[in-house]
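Analysis of the macromolecular model
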Amino acid sequence: MSAPIGVFDSGYGGLTILKELKKQLPQYDYIYLGDNARAPYGTRSFETVYEYTLEAVKWFFDQGCSLVILACNTASAKALRNIQQLDLPHIAPDKRVLGVIRPSSEVLGNYSKSGHVGIMATVGTVQSDSYILELAKFFPSLQVHQQACPMWVPLIENGEYDKPGADYFVKAYLDHLFSQSKDIDAILLACTHYPLLEAKIRSYLPEGVKLVAQGQIVAESLAQYLDNHREIANKCSQNGTLSFYTTDNAQTFEKQASAFFGQKIEAKHTDLA
Ligand code: DGL
């Protein structure tokens, strides 16, 4: 039996990834879940993010999904490896859970000439050092400079991303990042919320610095994965449908979601655990 591809985020951010998946792989069905009732994840402990993410993954499996994308860097950093190595073999050996850190790490070094890249992410993602570890596998000589941006998700979730108040924190975190190295010439927005701040971030970037968002990268990587794993692709249904679930209020989710997804959506409430 085939079922939609599951796409998970702590809240709205994963919609920026889903938007690109839908663009590049429109034939598939997708089911999105935002754990808005417990967002943000970025400041939560390893144990909590793992527990919440595993509950979400089990929810997708209950919906019949064979493939789940953790479209959240924080969940990918803190929960993915445990879920893949400890949980899947027991609960669903035939199903797959993929994250966003590996596909981004596979290509990020290609954007830099200087060999210095910046990672802007939540506190949780930065503290996990997941990007340092993954990038070292693909670009061993790359110098990686990380900057936690704890105020960006709250600014975005509260609709302040295009208002003058956001400028202070955009500039402040960019200044901190460049104080680590003036040679940084490529920056990864390593949190799925951050594309909403893209215009403001660009306006403060020194000339010649590339700003890399993850949506397209993750979509290209998924397309390749599905080509290489036909046994999984065959279990993903293909009617071009989208459905959206949130653990919080569905009407609020519908109102906020269009800024991230670029079109109006209809959402339903669900409980986890
Ligand atoms: N969108 C999530 C990410 O990519 C972070 C948001 C949060 O802190 O919950 O890391």
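Our subject is the structure listed above.
The rules we used
- Residues numbered from 1 in each chain as written.
- Predicted model: local features only at pLDDT ≥ 70, side-chain atom pairs only at ≥ 80, totals over all residues.
- Heavy atoms only, no water.
- Salt bridge = Lys/Arg side-chain N within 4 Å of Asp/Glu carboxyl O.
- Helix = DSSP H or I, 4+ residues; strand = E, 2+ residues; numbered from the N terminus.
- Near = heavy atom within 4 Å.
- Polar contact = N/O pair within 3.5 Å; in protein donor to acceptor, adjacent residues only side chain to side chain.
- Nonpolar A, V, L, I, M, F, W, Y, C, P; charged D, E, K, R; others polar.
- Buried < 20%, exposed > 50% of the residue type's maximum accessible area, 1.4 Å probe, protein only.
- Arc of directions from axis to C-beta.
- Pairing = 2+ DSSP bridges.
- Axes fitted to C-alpha atoms, helices over the stretch in contact; angles between N-to-C directions.
- Right-handed = clockwise from strand over helix to strand, strands pointing away.
- Parallel < 35°, antiparallel > 145°, perpendicular 65-115°, else oblique.
- Left-handed = near helix turned anticlockwise from the far one by under 90°.
- Contact = heavy atoms within 4.5 Å.

1. Re the pattern of salt bridges
- Scanning the model with the defined rule gives eleven salt bridges in all.
- For the salt bridge of glutamate 134 with arginine 102, the shortest nitrogen-to-oxygen distance reads 3.9 Å. Here glutamate 134, found in helix 7 (residues 130-138), pairs with arginine 102, found in helix 5 (residues 101-108); they are 32 residues apart in sequence, far enough to count as distant.
- Between aspartate 227 and arginine 230 there is a salt bridge, with its nearest N and O atoms 3.9 Å apart.

2. Here's the deal with the site of the ligand
- Contacts to the ligand come from 13 residues, most closely from Ser10, Tyr41, Gly42, Thr74 and Thr192.
- One of the side-chain N or O atoms of aspartate 9 is found 3.2 Å from a nitrogen atom in the ligand.
- One of the side-chain N or O atoms of threonine 192 is found 2.8 Å from a nitrogen atom in the ligand.
- Looking at side-chain class alone, the shell around the ligand contains five nonpolar, seven polar and one charged residues.

3. Here's the deal with unusual backbone geometry
- Omega for the bond connecting alanine 39 with proline 40 falls within 30 degrees of zero, at 0°, which places this linkage in the cis form.
- Located in the positive-phi region is aspartate 129, a residue other than glycine, with phi close to 60°.
- The residue aspartate 129 is located in the loop between helix 6 (123-128) and helix 7 in this model.
- Aspartate 129 sits in the partly exposed class, given a relative accessible area of 35%.

4. As for helix 7
- All buried positions along helix 7 are accounted for by Ser130, Tyr131, Glu134 and Leu135. The arc enclosing the buried residues of helix 7, seen along the axis, measures out at 110°, which places them on a common side.

5. What to know about the pairing of strand 3 (residues 67-70)
- Of the two faces of strand 3, both are covered, the one formed by Leu67 and Ile69 as well as the one formed by Val68 and Leu70.
- Pairing of strand 1 (residues 5-9) with strand 3, which is carried by three bridges, proceeds in the parallel orientation. Looking across to strand 3, one finds that phenylalanine 8 is bridged to leucine 70.
- The pairing of strand 3 with strand 4 (residues 96-98) spans three bridges and is classified as parallel. For valine 68, the partnering residue across the bridge sits in strand 4 and is valine 97.

6. Things to note about the sheet that holds strand 8 (residues 210-212)
- Pairing in this open sheet of four strands is parallel, and the strands run 6-5-7-8 from one edge to the other. Edge positions in the open sheet fall to strand 6 (143-148) and strand 8, since each of these has one partner strand only. Within the sheet, the average angular offset between the axes of one strand and its neighbour, ignoring direction, is 20°.
- Bridge count between strand 5 (residues 116-121) and strand 6: six bridges; the pairing is parallel.

7. Quick word on the pairing of strand 7 (residues 186-189)
- The alternating pattern of strand 7 places Ala186 and Leu188 and Ile187 and Leu189 on opposite faces, both of which are buried.
- Note that strand 5 and strand 7 share four bridges and pair parallel. Bridge pairing in strand 7 links valine 117 to alanine 186.
- By the bridge criterion, three bridges tie strand 7 to strand 8 in an arrangement that is parallel. Paired with alanine 186 across the two strands is lysine 210, which belongs to strand 8.
- Where the polypeptide runs from strand 7 across helix 10 (residues 198-204) and back to strand 8, its parallel neighbour, the crossover connection is right-handed.

8. A word on the environment of alanine 273
- Relative to the elements of secondary structure, alanine 273 occurs in the segment after strand 10 (267-269).
- C-alpha separation for the pair alanine 273 and leucine 25, spaced 248 residues apart in sequence, amounts to 31 Å.

9. Considering the packing of helix 1 (residues 14-24) against helix 13 (residues 250-261)
- Between helix 1 and helix 13, the least distance of the axes is 8 Å, while the angle of their chain directions is 55°. Looking at the two axes, helix 1 sits oblique to helix 13. The interaxial crossing formed by helix 1 with helix 13 has right-handed handedness. Note on element contacts: helix 13 touches helix 1 through Phe253, Ala257, Phe260 and Phe261, opposite Leu15, Thr16, Leu18 and Lys19.
- Of the residues assigned to the contact of helix 1 with helix 13, the class counts are six nonpolar, one polar and one charged.

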